[in-house]
There are 2 protein chains.
Amino acid sequence: MKSLKIKIQMLLKLFPIIIVLVMFLKGSKSDTIYSLETRYIDVPVDHFSAMGSYKTFKLRYLLNGKHYIKGGPVFIYTGGERDITIAAQNTGFLFDIAPIFKAMLVFVEHRYYGKSLPFGNASFSTTENLRYLSTTQALADFSFLIDDLKGKIFENVTSSKIEPFIAFGGYYAGMLSAWLRMKYPFSVRGALTSSAPIFYFPGLTTCEGYYQIVTDMFEKHGQEQCVKTIKLGWDIIINQCKTKLGMDLISSTWKLCNKIRTPEDVNALLDWLANIYVKLSMTNYHYPSDYYKPVPAYPVKIFCEKLTTTFASDTKGLIQSFANALEVYTNYTGKTICNNIYHKQEDFNEIAWQYQTCTELIMPKCSTDNDMFITKQWNYTQFVLECYETFGAKLGPDWALLAYGGKNLQYYSNILFSNSMLDPGSWGGVYMNKSNETDESLMTYEIIDAPHLVDLRGSDTADNNYLVQARNVYVSTLKKWLKLE
Amino acid sequence: MKSLKIKIQMLLKLFPIIIVLVMFLKGSKSDTIYSLETRYIDVPVDHFSAMGSYKTFKLRYLLNGKHYIKGGPVFIYTGGERDITIAAQNTGFLFDIAPIFKAMLVFVEHRYYGKSLPFGNASFSTTENLRYLSTTQALADFSFLIDDLKGKIFENVTSSKIEPFIAFGGYYAGMLSAWLRMKYPFSVRGALTSSAPIFYFPGLTTCEGYYQIVTDMFEKHGQEQCVKTIKLGWDIIINQCKTKLGMDLISSTWKLCNKIRTPEDVNALLDWLANIYVKLSMTNYHYPSDYYKPVPAYPVKIFCEKLTTTFASDTKGLIQSFANALEVYTNYTGKTICNNIYHKQEDFNEIAWQYQTCTELIMPKCSTDNDMFITKQWNYTQFVLECYETFGAKLGPDWALLAYGGKNLQYYSNILFSNSMLDPGSWGGVYMNKSNETDESLMTYEIIDAPHLVDLRGSDTADNNYLVQARNVYVSTLKKWLKLE
């Protein structure tokens, strides 16, 4: 008996290694590290005004030319709201198809994110320094880099020209890819976008879809009771937070780094919890991954399996049950000491994204009785006011309509709008009824049952047919744009 | 005899009245005053950055709805480098065709020109205040106004929508029309441009064409000797300006407001003279006009007829002969007291245009032995340096390539690039070899023997067949875009 116990203990200790081994054997891409060269290019701080001394800053981009052969295309990922290394490591699809196309891969970072800070650590210290954070400036950066990579050769000198470029991106990065093709068609021959919600703006799309899709994921991949328990949980938590005893209970059971004390803390706790649900649904991949945090395969399913206590009357049991379930996200590695419900103050990426969603990218999110979140309305005026108080800056209304023309896409070509239907980013995505006026190269595609940007990830032996089919469509679309078939 | 002399004198005094009468009887549009309502719209000072208090300023536009019937199009002139009232009064073509199309006419002023000053009289006092003067901001203004005029109706509500809009413009205004269609295709259904040199940028077009075309006009419409005398003149003038006596001779004979004294004065004199030649050629219409200054019909011809002294040895005679000829431009009304060779200091339009041609719109002009101007090379580095000294501001190189894609027009549709072949603005214009890749709605047209923007002026009974044909092509192109035939 003792011998068996030791054997089991050893097996448990070896478990992570076995997992890695199994993943390796079945060819999973979930923890492949893609090799990339880091480069920087000097780009103008302001592309649209003449400035005193023509100020520039260093924009980071990553490069992989392993499969590139002269004459091949350049696939450029137009970085979004995170550090570009994360996008690069989670866009295995490009590495998978590079050999087919003999393509160069470029991942360009979005200004004000990662290491591409126009004013270094002072980039976020004043409204004046933040003013160059906009989609128009970001697109100009991308076009500037592409022009540079093409060798600054004029159109009549083609000998050493490196092209064509194709833009890729998911969610905000996908919006940028589409807009790059729309505003700078001479820069990229096409744009392949995944769940890019370019219609997710006031007046174009309603507000309830984002949280509804997160709920859909939990309904589909969690257990039946799970959504009900999550919905039930809000009131229990709010009630507990009315007393010091209850706040202590939650703080200790959920291993919070600092005890909840103030109403501000309670709001932060509720936001933290809602954000975990969103992130769980977004990374509900069929293999372990590390996109936001390390999570197992199907984390929503596992979360729901652990949320076993379902009776509102058993408050302590429910709080404990939530604690167990939340560890799927907060502590999959077992190394987390405590949970911080506040963003780190120096999380520049978070500040940058908040600024963007406060100025240009106003994407209304509300929750209703039909979803598993606390019911919350969305009010444009109040939203803009709060943003103004935070950043002392605002753009005028109708920005998305004015800058990118709203739903009028009939003027553009060579854009593939793909949507993963369980990605909250698919709300506000493009689903076209083909009309005679639209160029046939403007395409939409829908992937059933697919989470956030799974299509742009590396292939995995467990990929379902929907996903395999989608990627086949992507490859044949690229071949069409590149005139290879 | 005395009686006859008096009769002749009376006739001479009556001459201007007779001219007007004759013009009226023959239906000339040269001094028609078009009726326009003046309006203002609040537009953001900066369309591309969130600003502290969302600052706006009043952009002027002019409106004529005399022939407008609901359902008709809106023809919008995208104002260029001058007061918009001048463009409106010199674009009679739109007034001529408004009844055909039941069109509304709108003339929108370019920011920093005319009465559309973002910071009032302080708009030009600092580099900081000048920074919002750019083509990108101007295009965003136009798109903003069009969105407003369309009634800010979203695409699914079409009941009271006012559209389509078609952009019109000549020279810089024409560049803006083309770029508006390229960057904001959802704003205007098409762009009709006259002599819009969108290729007139370093790396795309050489520098000698502008002054060559001015020379061509003098060769074609002046007398044979005229170009030679003008070319000869430069050395005579420069030589005269080496002595006080010579400077006094020129100052008095040419009725200069202030005597030439310094080398700076001499340079200003030479620039002033060159500018008159350019303006004479640009307004060499077949009827009297008042575009820059009042001039008779065929002012180049008359200038050359008056430049009778052709011998370099007869310096005094030559200076006097130039004085007589120049009066065609400087004193056609007979009311000019003296000639100021310097721009007025408060000529904001002139400063604005100099700033633009120093930052974004760097359009290289040089003169060679083949033209009638003083030979002058053009050097990019030196030009940018001088501009930097003047304005303390510069844009990076390759601006036109980066912003508008250089010669890569194959992505766009519904633009008519017409060029008047004796308009210096036709240098750097678009002359396409139709390729299969280009949309058939991207058209070019050439008007032989036509001066600056004559095609956009009101029709005149003396218009030649080239001009009549060109306008017929414009009308049928508009009908095609508007789906009226």
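If you look chain A up in an unreviewed UniProt entry, it shows as Lysosomal Pro-X carboxypeptidase from Psylliodes chrysocephalus. Under the Subcellular location (unreviewed entry) heading, UniProt states for chain A: "Lysosome". A UniProt comment under Catalytic activity (unreviewed entry) is attached to chain A, and it reads "Cleavage of a -Pro-|-Xaa bond to release a C-terminal amino acid."

Of the transformation superimposing chain B on chain A, the axial component is 0.0 Å and the angular component is 180°, with the fit at an RMSD of 0.0 Å. Classification of the inter-copy transformation places it as that of a two-fold axis. Rotation axis and chain B: the residue whose C-alpha lies nearest the axis is Lys 183 of chain B, separated from it by 2.9 Å. The overlap is high: 100% of the interface residues of chain B also sit at the interface in chain A, so the same surface is used on both sides.

Attention shifts here to the nonpolar core. Among the nonpolar cores identified, the biggest contains 237 residues, and Phe 218 and Trp 254 of chain A together with Phe 218 and Trp 254 of chain B are the most heavily contacted of them. Not counting chain neighbours up to four residues away, the residues in contact with Trp 254 of chain B comprise Ile 237, Leu 269, Trp 272, Leu 273, Ile 319, Phe 322, Ala 323, Leu 326 and Asn 339 of chain B.

It is worth spelling out the pattern of salt bridges at this point. Applying the stated criterion across every chain yields a total of 26 salt bridges over all chains. Between Asp 46 of chain B and Arg 131 of chain A there is a salt bridge, and its shortest N-O distance comes to 3.2 Å. Of this pair, Asp 46 of chain B sits in the loop between strand 1 (37-44) and strand 2 (56-64) while Arg 131 of chain A sits in the loop between helix 4 (127-130) and helix 5 (135-149), placing the two residues on different chains. Each member of the pair, Asp 46 of chain B as well as Arg 131 of chain A, carries the same accessibility label: buried. Measuring nitrogen to oxygen at the nearest pair gives 2.9 Å for the salt bridge that ties Arg 39 of chain B to Glu 37 of chain B. Classification of Arg 39 of chain B by relative accessible area gives partly exposed; the value is 33%. On the basis of relative accessible area, Glu 37 of chain B is assigned to the partly exposed category, the value being 40%.

With 15 residues, helix 5 of chain A ought to run about 21 Å at 1.5 Å a step, and its terminal C-alpha atoms sit 21 Å apart, in line with that. In terms of burial, helix 5 of chain A is largely enclosed, as 14 of its 15 residues are buried.

Moving on, we come to the state of the cysteines. Residues and elements named next belong to chain A. Using the criterion set out here, one finds eight disulfides over all chains in the structure. Note on cysteine connectivity: Cys 207 is disulfide-linked to Cys 366, with sulfurs 2.1 Å apart. For the disulfide bridge between Cys 207 and Cys 366, the dihedral angle about the S-S bond is near 85°, and by the sign convention the bridge is right-handed. Of this pair, Cys 207 sits in the loop between strand 6 (190-194) and helix 7 (209-221) while Cys 366 sits in the loop between helix 13 (348-359) and helix 14 (380-391), and the two are 159 residues apart along the sequence. Paired by a disulfide, Cys 358 and Cys 387 hold their sulfur atoms 1.9 Å apart. Measuring handedness by torsion sign, the sulfur bridge of Cys 358 and Cys 387 sits at about -70° and is left-handed. Taken together, the residues span a long stretch of sequence, with Cys 358 in helix 13 and Cys 387 in helix 14 at a distance of 29 residues. The same class applies to Cys 358 and to Cys 387, which are both buried. Ordering the disulfide-forming cysteines of chain A by sequence position, one finds them joined as 1-7, 2-4, 3-5, 6-8. Here Cys 241 stays free of any disulfide, with the sulfur of Cys 257 as its closest cysteine sulfur at 16 Å.

Attention now goes to the domain arrangement of chain A. All names here are of chain A. Domain parsing of chain A yields domain 1 (1-22 + 206-405) and domain 2 (33-199 + 407-481). Each of domain 1 and domain 2 has a C-alpha centre, and the two are 28 Å apart. Both sides together, the interface formed by domain 1 and domain 2 hides about 3,600 Å², and carbon and sulfur atoms give 63% of it. If you look at where domain 1 meets domain 2, you find zero salt bridges. Of all the secondary-structure elements, those providing two or more residues to the side of domain 1 that touches domain 2 are helix 7, helix 10 (263-282), strand 7 (289-290), helix 13 and helix 15 (399-404). Ranked by the residues each element gives to the side of domain 1 that touches domain 2, the list is headed by helix 7, at eight residues. Residue composition of the side of domain 1 that touches domain 2, by class: 21 nonpolar, 11 polar and five charged.

Right, let's get into the packing of helix 7 (residues 209-221) of chain B against helix 11 (residues 299-306) of chain B. All names here are of chain B. Following both chains from N to C, one finds helix 7 and helix 11 inclined at 70°, their axes separated by 9 Å at the closest point. Here helix 7 lies roughly perpendicular to helix 11, going by the angle between them. Crossing geometry of helix 7 relative to helix 11 is assigned as right-handed. In this structure, helix 7 uses Met 217, Phe 218 and His 221 to contact helix 11, whose residues at the interface are Val 300, Lys 301, Phe 303 and Cys 304.

Next up on the list: the packing of aromatic side chains. All names here are of chain B. By the definition in use, this model includes 66 aromatic pairs over all chains. Here Trp 234 and Phe 373 contribute two aromatic rings whose centre-to-centre distance is 6.4 Å and whose plane-to-plane angle is 35°, an arrangement assigned as tilted. You can see Trp 234 sitting in helix 8 (residues 224-240) and its partner Phe 373 sitting in the loop between helix 13 (348-359) and helix 14 (380-391), a full 139 residues away along the chain. Taken individually, Trp 234 and Phe 373 each receive the classification buried, so the pair is uniform in this respect.

Remember that side chains alternate between the two faces of the sheet whenever the strand is regular. Residues and elements named next belong to chain B. The buried count for strand 2 comes to seven of nine residues, which makes it a mostly enclosed element. As judged from the eight bridges shared by strand 1 and strand 2, these two strands associate in the antiparallel manner. In the strand pairing of strand 2, Tyr 40 is matched with Arg 60. Bridging between strand 2 and strand 4 (residues 104-108) involves four bridges; their strand directions are antiparallel.

Turning our eyes to something else, we now look at the sheet that holds strand 4 (residues 104-108) of chain A. All names here are of chain A. With respect to topology, eight strands assemble into an open sheet ordered 1-2-4-3-5-6-9-10, the strand pairing being mixed. Of all strands in the sheet, those bounded by a partner on one side alone are strand 1 (37-44) and strand 10 (442-447). Along the sheet, successive strands turn relative to each other by an average axial angle of 20°, direction set aside. When strand 3 (residues 74-78) meets strand 4, the two strands line up parallel, connected through five bridges. Looking across to strand 4, one finds that Ile 76 is bridged to Val 106. Helix 6 (residues 172-183) rests against strand 3, strand 5 (165-170), strand 6 and strand 9 (415-420) of the sheet, and its axis sits at about 150° to strand 5.

Before going further, it helps to examine the interface of chain B and chain A. By convention, interface size is frequently given as the accessible area that disappears when the constituent parts associate. Taken together, the 47 residues of chain B in the interface contact 47 residues of chain A. Of the roughly 4,000 Å² buried between chain B and chain A on both sides combined, carbon and sulfur atoms contribute 57%. Area buried by chain B at its contact with chain A is led by Arg 131, Phe 186 and Leu 402 of chain B, which between them contribute 18% of it. Counting the contacts that link chain B with chain A gives two salt bridges. At the boundary of chain B and chain A, one finds nine residue pairs in polar contact (both at pLDDT 80 or more). Put simply, the parts of the chain that give the side of chain B that touches chain A at least two residues each are helix 5 (135-149), helix 6 (172-183), helix 13 and helix 15 (399-404) of chain B. Partitioned by chemical class, the residues of the side of chain B that touches chain A number 21 nonpolar, 13 polar and 13 charged.

All names here are of chain A. Compared with an ideal rise of 1.5 Å per residue, which puts 12 residues at 16 Å, helix 6 spans 16 Å between its outermost C-alpha atoms and is within 8% of the ideal. Most of helix 6 is tucked away, with 12 of its 12 residues classed as buried. Regarding helix 6, the residues found buried are Tyr 172, Ala 173, Gly 174, Met 175, Leu 176, Ser 177, Ala 178, Trp 179, Leu 180, Arg 181, Met 182 and Lys 183.

Moving on: the sheet that holds strand 6 (residues 190-194) of chain B. All names here are of chain B. Spatially, eight strands are ordered 1-2-4-3-5-6-9-10 in an open sheet, and the strand pairing comes out mixed. Here the strands that pair on one side only, and so sit at the sheet edges, are strand 1 and strand 10 (442-447). Strand-to-strand twist across the sheet, computed as the mean angle between neighbouring axes with direction ignored, equals 20°. In the packing of helix 5 onto the sheet, the strands contacted are strand 1, strand 2, strand 3 (74-78), strand 4 and strand 5 (165-170), and the crossing angle to strand 1 comes to about 115°.

Thresholds applied
- Residues numbered from 1 in each chain as written.
- Chains lettered and ligands numbered in written order.
- Predicted model: local features only at pLDDT ≥ 70, side-chain atom pairs only at ≥ 80, totals over all residues.
- Heavy atoms only, no water.
- UniProt positions renumbered as here; feature names shortened; annotations may be inferred.
- Least-squares fit on C-alpha atoms with pLDDT ≥ 70 in both.
- Contact = heavy atoms within 4.5 Å.
- Core = buried A, V, L, I, M, F, W, Y, C linked by side-chain atoms within 4.5 Å.
- Buried < 20%, exposed > 50% of the residue type's maximum accessible area, 1.4 Å probe, protein only.
- Salt bridge = Lys/Arg side-chain N within 4 Å of Asp/Glu carboxyl O.
- Helix = DSSP H or I, 4+ residues; strand = E, 2+ residues; numbered from the N terminus.
- Expected span 1.5 Å × (residues − 1).
- Disulfide = S-S within 2.5 Å.
- Domains from an automatic or database assignment.
- Buried area = accessible area lost by both parts, 1.4 Å probe.
- Nonpolar A, V, L, I, M, F, W, Y, C, P; charged D, E, K, R; others polar.
- Axes fitted to C-alpha atoms, helices over the stretch in contact; angles between N-to-C directions.
- Parallel < 35°, antiparallel > 145°, perpendicular 65-115°, else oblique.
- Left-handed = near helix turned anticlockwise from the far one by under 90°.
- Phe/Tyr/Trp six-rings, centres within 6.5 Å; stacked < 30°, edge-to-face > 60°.
- Pairing = 2+ DSSP bridges.
- Polar contact = N/O pair within 3.5 Å; in protein donor to acceptor, adjacent residues only side chain to side chain.

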